[in-house]
Amino acid sequence: MSDDRRSAITIIALLGSVFSPYYARARARGAADPLMHCSMNVALYGPRADRWAFTERPRRAVLRSPRSLAIGPSLMEWSGGELRVAFDEITAPLPSRLSGAVRLRPAAPAPGAAGAPAEIALDGRGRHRWAPVAPIARAEVELTHPSLRFTGSAYLDTNAGDEPLERAFERWTWSRAVGADGIALTYDVRRRDGTRLLFGRAFDAGGGARDLPPLAPRPLGDTRWGLERHIAADPGSTPRLLRAYEDTPFYARSLAAATFGGAPATVVHEALSLDRFASPWVQLLLPFRMRRAA
């Protein structure tokens, strides 16, 4: 997110695209190859217009090494302590070019064994795992299509799973809050077995981490699709919605203001309903937001 909060970009490399209707259909027929459903999802939120690119590609379009990942014409690669991302994608539903480069420099590695990020199980069986790789980072963004440059606060994490998300979870909300003394990460996960995970941790630029004081789900208001939004923040606080980045039947990404441990922060927030995602009417709508390469 740019320092002036006017621009933002999200890039997600998916090996086995969890939100792909094509992958869901393949799984319904039996064992499915996740590498037949890969994508470099790029979402740009600009001062004049937003753009969204999500093209699913098969195994032959994927190249992997210990330090790099290429999916079609887009590449992520670690080099000299920074993550370099180059992408050249076509937007949906209206086709246009979305291309450029991002350089992400971690301020400090996430706490963990031997410098590796510490994984956190989101479910009760350890089949779904999340790890913050670079909770605090800076990024330089230079786009050619459209022409746009900015620098700002950045973040990198990773998720892995051994089964479809909708099998383990009903819904979740996630947030990354940027404050004066560091950042706060939260997960509020509702599981299929009736249990709940409410997680909050603060990170500083030196690589230190600490648990946040007890949090409570605070309302942020429903989306235009009627999707419930709340932020795990200080009890009794009143978060404010600043901008809606994504507003879909099952997923919302937002910019908000909230307080964590008594400190005000700017929050990037997501709300996900897996019940909505798994419904037949949403599965029919998904192809309008994504392309599938031949």
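What counts as what
Here, residues in each chain are numbered from 1, in the same order as that chain's written sequence. It should be noted that, the model being predicted, local features are given only for residues of pLDDT at least 70 and side-chain atom pairs only at 80 or more, the latter also being counted only at that level, while totals for whole chains, interfaces and linings use all residues. To get the side-chain values, take all heavy atoms of the structure and skip hydrogens and water. Under the DSSP-based scheme used, a helix requires at least four consecutive residues in state H or I and a strand at least two consecutive residues in state E, with every element numbered from the N terminus. Using a 1.4 Å probe on the protein chains alone, a residue whose accessible area is under 20% of its type maximum counts as buried, one over 50% counts as exposed, and one in between counts as partly exposed. Contacts were defined at the residue level, with two residues in contact if any of their heavy atoms lie within 4.5 Å. Per-residue and other accessible areas were derived by the Shrake-Rupley procedure at a 1.4 Å probe size, with only the shown protein chains allowed to occlude residues. Positive: Lys, Arg. Negative: Asp, Glu. His and the chain ends are not part of the count. Charge positions come from single atoms, namely NZ of Lys, CZ of Arg, CG of Asp or CD of Glu. A pair of strands is treated as paired once DSSP finds two or more bridges between them. Each patch is built from salt-bridge-free residues with over 30% relative accessible area, joining like charges within 9 Å and nonpolar side chains (Val, Leu, Ile, Met, Phe, Trp, Tyr) within 5 Å. We count a salt bridge whenever a side-chain nitrogen from Lys or Arg sits within 4 Å of a carboxyl oxygen from Asp or Glu. As used in this structure description, the phrase polar contact means that two N or O atoms lie within 3.5 Å; if the pair is within protein, one of them must be able to donate a hydrogen and the other to accept it, and residues adjacent in sequence are counted only when both atoms belong to side chains. Ring pairs are drawn from Phe, Tyr and Trp, using the six-membered ring of Trp, whenever the two centres fall within 6.5 Å, and their geometry is named by plane angle: stacked under 30 degrees, edge-to-face over 60, tilted for the rest. Whether a charge lies above a ring is judged from NZ of Lys or CZ of Arg, which has to be within 6 Å of the ring centre and within 35 degrees of the ring normal.

A. Broad picture of the overall build of the chain. Helix and strand counts for the chain stand at four helices and 22 strands. Overall, the chain is about 50 × 45 × 40 Å in size when its C-alpha atoms are taken along their principal axes. Counting every position in the chain, which comprises 294 residues, the buried fraction comes to 49%. Taking contacts inside the chain between residues at least 6 apart in sequence as the whole, the part at least 24 apart equals 53%. Summed over all atoms, the accessible surface of the chain reaches about 14,000 Å², with 53% contributed by carbon and sulfur. Charge centroids of the chain, computed over 40 positive and 30 negative side chains, lie 4 Å from each other.

B. Structural detail: the pairing of strand β13 (residues 169–179). As defined by bridge partners, β13 adjoins strand β14 (residues 182–191) across ten bridges and the pair is classed as antiparallel. Considered in β14, the bridge of arginine 171 is made with arginine 190. Two successive antiparallel strands, β13 and β14, enclose a turn made up of two residues. Here β13 runs beside strand β21 (residues 263–273); their pairing, made up of eight bridges, is antiparallel. Along β21, the bridge assignment pairs arginine 176 with valine 268.

C. Main features of a nonpolar patch on the surface. Nonpolar side chains collect at one region of the surface, where Trp225, Trp281, Leu285 and Phe288 lie side by side and expose about 440 Å² of accessible area between them. Inspection of the secondary structure puts phenylalanine 288 in the loop between α4 (280–285) and β22 (291–292).

D. View of helix α1 (residues 21–28). Of all the positions in α1, only Pro21, Tyr23 and Ala26 are classed as buried. Contacts made by the buried residues of α1 are with α4. The opening residue of α1 is serine 20, an N-cap whose side-chain oxygen sits 3.2 Å from the backbone nitrogen of tyrosine 22. Phi turns positive one or two residues past the end of α1, at glycine 30, with a value near 140°.

E. How the structure looks around the pairing of strand β11 (residues 128–145). Sheet analysis places strand β9 (residues 97–106) next to β11, joined by eight bridges and oriented antiparallel. Paired with leucine 104 across the bridge in β11 is alanine 139. What sits between strand β10 (residues 120–121) and β11 in their antiparallel hairpin is a turn of six residues, with glycine 126 showing a positive phi close to 75°. Pairing geometry for β11 and strand β12 (residues 148–161), over 13 bridges, is antiparallel. When the sheet's bridge partners are listed, leucine 143 is paired in β12 with leucine 148.

F. Focus on the pattern of salt bridges. Enumeration according to the criterion identifies 21 salt bridges in this entry. Of the charged contacts, one joins arginine 105 and glutamate 82 as a salt bridge, the two residues approaching to 2.9 Å between their closest N and O atoms. Within this pair, whereas arginine 105 is found in strand β9, its partner glutamate 82 is found in strand β8 (residues 82–90), the two being separated by 23 residues in sequence. On the accessibility criterion, glutamate 82 (5% relative accessible area) is buried. Shared partners join several salt bridges into a network, and the residues in it are Glu82, Arg84, Arg103, Arg105 and Glu140.

G. Main features of the side chain of glutamate 89. Structurally, the position occupied by glutamate 89 is in strand β8. For glutamate 89, a relative accessible area of 1% puts it in the buried group. Reaching out from glutamate 89, the side chain makes a polar contact with the side chain of serine 74 at a distance of 2.6 Å. For glutamate 89, the residues in contact, after removing those within four places along its chain, are Met40, Val42, Ala53, Thr55, Arg57, Ile71, Pro73, Ser74, Ser96, Arg97 and Leu98.

H. Representation of the packing of aromatic side chains. As enumerated under the stated definition, the model contains eleven aromatic pairs in all. Between phenylalanine 19 and phenylalanine 250 the ring centres are 5.4 Å apart and the planes differ by 50°, which places this aromatic pair in the tilted class. On the criterion of sequence distance, the pair formed by phenylalanine 19 in the loop between β1 (8–15) and α1 and phenylalanine 250 in the loop between β19 (240–247) and β20 (251–260) is long-range, its members being 231 residues apart. Between tyrosine 155 and tryptophan 174, the ring centres sit 5.5 Å apart and the planes meet at 45°, which makes this aromatic pair tilted. With tyrosine 155 in strand β12 and tryptophan 174 in strand β13, this residue pair connects regions lying 19 residues apart in the sequence. Of the two residues, tyrosine 155 and tryptophan 174, neither departs from the other in class, the shared state being buried. Counting every residue linked through ring pairs, the aromatic cluster contains Trp130, Phe169, Trp172, Tyr187 and Phe199. A cation sits over an aromatic face here: arginine 27 above tyrosine 23, 4.5 Å from the ring centre. The ring of tryptophan 52 has arginine 289 lying over it, and the distance from NZ or CZ to the ring centre is 4.4 Å.

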